[in-house]
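# Residue-level structural notes
The chain contents come next:
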Amino acid sequence: MMSAPELAQEPGVRLRAQGRVFAQIARMHPELTAFRRDLHAHPELGFEEVYTAARVREALRACGVDEIHEGIGRTGVVGVIRGRKQGSGRMLGLRADMDALPMQEQNDFGWCSAKSGLMHGCGHDGHTAMLVGAARYLAETRNFDGTAVLIFQPGEEGHAGARVMIEDGLFERFPVDAVYAVHNWPAMPVGTVGINRGAMMAAADRISIDITGRGGHGAHAYQTVDPVLVAAHIITAAQSIVSRNVRPIDAAVVSLCAMQAGDVDAFSVIPGSARLVGTVRTFNLRVQNQIEQRLKELCASVAAAFGATASVKYERIYPATINTAPEAMFAADVAESLVGAGNVDRHLEPSMGAEDFSFMLQRKAGAYLRIGQDVREGAYLHNPRYDFNDEILPLGAALHASLVEQGMPLAGTPGTAHEHAATAAS
């Protein structure tokens, strides 16, 4: 199926799930593991996923998908699989991200990164392998009525690759009725799935505050307008925005994370300017607008009180990732069909992290799910000792495939989660 280095050791499999889909995909586990580890050893940053995209295309050709489209969103790949029937006219999208992070890996296993300063520290290698597994199963069985669109997306890590694919005509060329994505989550046990009806991830905004004063000698500070002092007051005052302006029932975070001012070797020189950089995280547009306005007002006022000026550059990087309720509950039903109700959290607490799948959910109905993979030696996402847990590859692939089968069931297929979604939407 997928040419890749042989496994050094077959991993022990503790994970169990039920149903025909999982049983068939579980037989692919060694190949999916080898494929995932090959991607891990060859990480690529956003819009540089040349090797990764080539491996995906190779795998999709071997799987026998009906169409392969490349270059969507620069390095993105889309595979199309038509079901045994097309009478429903439905089209569902499944998305996996492909890019790595600019960080140095600190692991020593055989498949660790071969590129200095680059690492798959968020599990996108695993997400890609899971969707390839689903592609093989769906192409072999075609046990659905409609069309499955498999979206291998570049540039999730800060490059807004989802938005770039959309701007490149993704949904005009592939007008899916709904789109789904699955992300590994080390804080959840293996074999569990989490989701909720609304916000899953926060909006991520970048703020830059430029403060202009008047520099001078540290011994004659009275002759200056000290921007470092102004920055200190802004840092403190900014923390009042959430506590005193945002309703307690609305979640928000304002973090000023870096400061640049002066020269550390010039201990007696007060600089003429300072810069603060940070982030704002929110879940709804009203709070986002409120914080932007209040931050600009506060910074200008605090600076003016000291005789300085301050300007705020507020950049909205990723919107909040908001599931649509019918699709979220449908996805939860699908997960239950695989791992049982006791292993599906339908009220998962949202994260203040961000995800560019949000751009797709702004355009289409759909849902973002988390799949548990346990924590390896305290190595959560974006940790230099993180690694994707290959044990969950068959479950993740089966979850993708089952979303298609149950979302576009063949006539006469009993008890599908699609029926629950239709009920919830009515």
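Residues numbered from 1 in each chain as written. Predicted model: local features only at pLDDT ≥ 70, side-chain atom pairs only at ≥ 80, totals over all residues. Heavy atoms only, no water.

### Observations regarding the UniProt feature "domain: Peptidase M20 dimerisation" (unreviewed entry) in the chain
The UniProt entry lists residues 208–303 under the feature "domain: Peptidase M20 dimerisation" (unreviewed entry), expressed in the numbering used here. Helix makes up 39% of residues 208–303 and strand 30%, and the two end C-alpha atoms of the span are 15 Å apart. (UniProt positions renumbered as here; feature names shortened; annotations may be inferred. Helix = DSSP H or I, 4+ residues; strand = E, 2+ residues; numbered from the N terminus.)

### Quick word on the UniProt feature "binding site: Mn(2+)" (unreviewed entry) in the chain
The positions that UniProt labels "binding site: Mn(2+)" (unreviewed entry) are, in the present scheme, C122, H124, E157, H183 and H382. What stands out for the annotated residues spanning 261 residues is how close their C-alpha atoms remain, the widest pair being 13.4 Å apart. Looking only at the residues we just named, the largest pocket is lined by C122, E157, H183 and H382. Topologically, C122 is positioned in the loop between β3 (91–97) and α4 (124–141). Those residues in contact with C122 that lie beyond four places of it in its chain are L101, H127, E157, H183, N184, L381, H382 and Y386. Here H183 lies in strand β5 (residues 178–185). By relative accessible area, which is 4% here, H183 ends up buried. Apart from the residues within four sequence positions on either side, H183 is in contact with D97, C122, H124, H127, E355, Y368, L369, R370, I371 and L381. (1 Å grid on protein atoms, 1.4 Å probe; cavity = no way out; pocket = protein on both sides within 12 Å on 5 of 7 lines; lining within 4 Å. Contact = heavy atoms within 4.5 Å. Buried < 20%, exposed > 50% of the residue type's maximum accessible area, 1.4 Å probe, protein only.)

### A word on the environment of A305
Mapped onto the elements of the fold, A305 is located in helix α9 (residues 285–305). Judged by relative accessible area, A305 falls into the exposed class, the value being 65%. C-alpha separation for the pair A305 and V230, spaced 75 residues apart in sequence, amounts to 8.9 Å.

### Section: the pairing of strand β16 (residues 365–372)
Burial within β16 is extensive, with seven of its eight residues counted as buried. Where β5 and β16 come together, eight bridges link them in parallel fashion. Counterpart to H183 in the pairing with β16 is R370. Relative to β16, strand β6 (residues 193–194) runs antiparallel, the two sharing two bridges. Bridging across to β16, V193 finds its partner in I371. (Pairing = 2+ DSSP bridges.)

### Some words on the packing of aromatic side chains
Per the counting criterion, the structure on display carries four aromatic pairs. Here the aromatic rings of F109 and W111 are separated by 4.4 Å at their centres, their planes lie at 15°, and the arrangement is stacked. Of the two residues, F109 and W111, neither departs from the other in class, the shared state being buried. Taking NZ or CZ as reference, R37 lies 3.6 Å from the ring centre of W111, over its face. For the cation-ring pair, R370 lies above W185, with the distance from its terminal atom to the ring centre recorded as 3.9 Å. (Phe/Tyr/Trp six-rings, centres within 6.5 Å; stacked < 30°, edge-to-face > 60°. Lys NZ or Arg CZ within 6 Å of the ring centre and 35° of its normal.)

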